[in-house]
Amino acid sequence: MTLTTFLCEWNILPDSLTRNNCLIMFGGMTQLDDLKELGEVNLLGRWSCVGEARGYCIAQAKSVEQLQKWLMNWVTMADIKVTPCLDDNQHRELILEQEPSYKVSYDNINDPPKENESIYAVKYNFKEGCQEKGFEVFANLSEEDDKKDSGNCTSYGRWHVPSKGSGFAVASCPSAFDIYKWAHNWNSLCDVEVIPVTRDEETRNIIKTDPNYETKKHMLMDSMDTDKKKTNTFCCI
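So, the side chain of Arg199
Here Arg199 lies in strand E8 (residues 190–199). Within polar-contact distance, the side chain of Arg199 engages the backbone oxygen of Asn110 at 2.9 Å. Beyond its immediate stretch of four places on either side in the chain, Arg199 contacts Arg46, Trp47, Asn110, Asp111, Pro112, Pro113 and Ile119.

Overview of the nonpolar core
Core analysis: the biggest nonpolar cluster contains 22 residues, and Val41, Leu67, Trp70 and Trp74 have the highest contact counts within it. Counting residues per element, this core draws most heavily on strand E1 (residues 4–12), at four residues. With sequence-adjacent residues up to four places away left out, Leu67 is seen in contact with Phe6, Cys8, Val41, Ala59, Ala61 and Val82.

Points about the packing of helix H1 (residues 16–27) against helix H8 (residues 200–207)
At a minimum axis separation of 9 Å, H1 and H8 run at an interaxial angle of 120°. By the angle between their directions, the pair H1 and H8 is classed as oblique. Here H1 runs over H8; the crossing is left-handed. For the pair H1 and H8, contact is made by Leu23, Phe26 and Gly27 and by Asp200, Thr203, Arg204 and Ile207, respectively. Grouping the constituent residues of the contact of H1 with H8 by class yields three nonpolar, two polar and two charged.

Thoughts on unusual backbone geometry
The phi dihedral of Ala53 falls on the positive side, at around 50°, and the residue is not glycine. Even without a glycine there, the phi angle at Asn116 is positive, about 65°. Looking at where Asn116 falls in the secondary structure, it is placed in the loop between helix H4 (88–96) and strand E5 (118–126).

A word on the packing of aromatic side chains
The description of an aromatic ring pair rests on the distance of the ring centres and on the angle between the ring planes. Enumeration over the complete set of coordinates arrives at seven aromatic pairs. Residues Tyr56 and Phe168 carry aromatic rings whose centres are separated by 5.1 Å and whose planes lie at 35° to one another, so their mutual orientation is tilted. A residue pair is termed long-range when its members are at least 10 positions apart, and Tyr56 in strand E3 (residues 54–61) and Phe168 in strand E7 (residues 166–173) qualify at 112 residues. Of the residues examined, Tyr56 reaches a relative accessible area of 2% and is grouped as buried.

Parameters and conventions
- Residues numbered from 1 in each chain as written.
- Predicted model: local features only at pLDDT ≥ 70, side-chain atom pairs only at ≥ 80, totals over all residues.
- Heavy atoms only, no water.
- Helix = DSSP H or I, 4+ residues; strand = E, 2+ residues; numbered from the N terminus.
- Polar contact = N/O pair within 3.5 Å; in protein donor to acceptor, adjacent residues only side chain to side chain.
- Contact = heavy atoms within 4.5 Å.
- Core = buried A, V, L, I, M, F, W, Y, C linked by side-chain atoms within 4.5 Å.
- Buried < 20%, exposed > 50% of the residue type's maximum accessible area, 1.4 Å probe, protein only.
- Axes fitted to C-alpha atoms, helices over the stretch in contact; angles between N-to-C directions.
- Parallel < 35°, antiparallel > 145°, perpendicular 65-115°, else oblique.
- Left-handed = near helix turned anticlockwise from the far one by under 90°.
- Nonpolar A, V, L, I, M, F, W, Y, C, P; charged D, E, K, R; others polar.
- Phe/Tyr/Trp six-rings, centres within 6.5 Å; stacked < 30°, edge-to-face > 60°.

All quantities given are derived from atomic positions and should not be read as evidence of function.
As structure tokens, this is what we get:
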């Protein structure tokens, strides 16, 4: 069965208790915890903007039901927007009505930034009246043109929402100048938002720099255990 790719954008709810608990829980999770929680969902990459308590992920699933079952674990703590999307190869095939002349690799989506570089998320939206032209330019880029276009940026993945003329990308680069230079190439066609982000590993390390993190974690776990016991007792009555 074909897997559908989804772009998920989340915002942790603003009240301080919810935000605090969500960060503590996420910060203490391991890769094994992630896999257990994901179930049948394949998480390709996840990136956070810690200062705004929001972030993005790209995930694949056989059905919307499987994806929503995973997201249900967090819905009491965050608003999560889900949008089905296409990768570069699928989007070009859609526009050209045939397979593109070359295929973009998606083998390094969740790679760490290169040495002395940072990761940036990029959201684009074609300006009014520019979608058709933008699709044409994008679809007809050669492999050489595509690499030249990104300059010093290393693209880890780019995904598109054809019905909206919008999309999302993740890239590593040495400086903000480099990511804005790439965006500037599309300035006449697109509005572009650039967001500095970190992967799960770096995000969790940042969360755990709080000197009181372990104490807060134990308190939260104890509270959750107590609530669970109360629920079980109630259910037995």
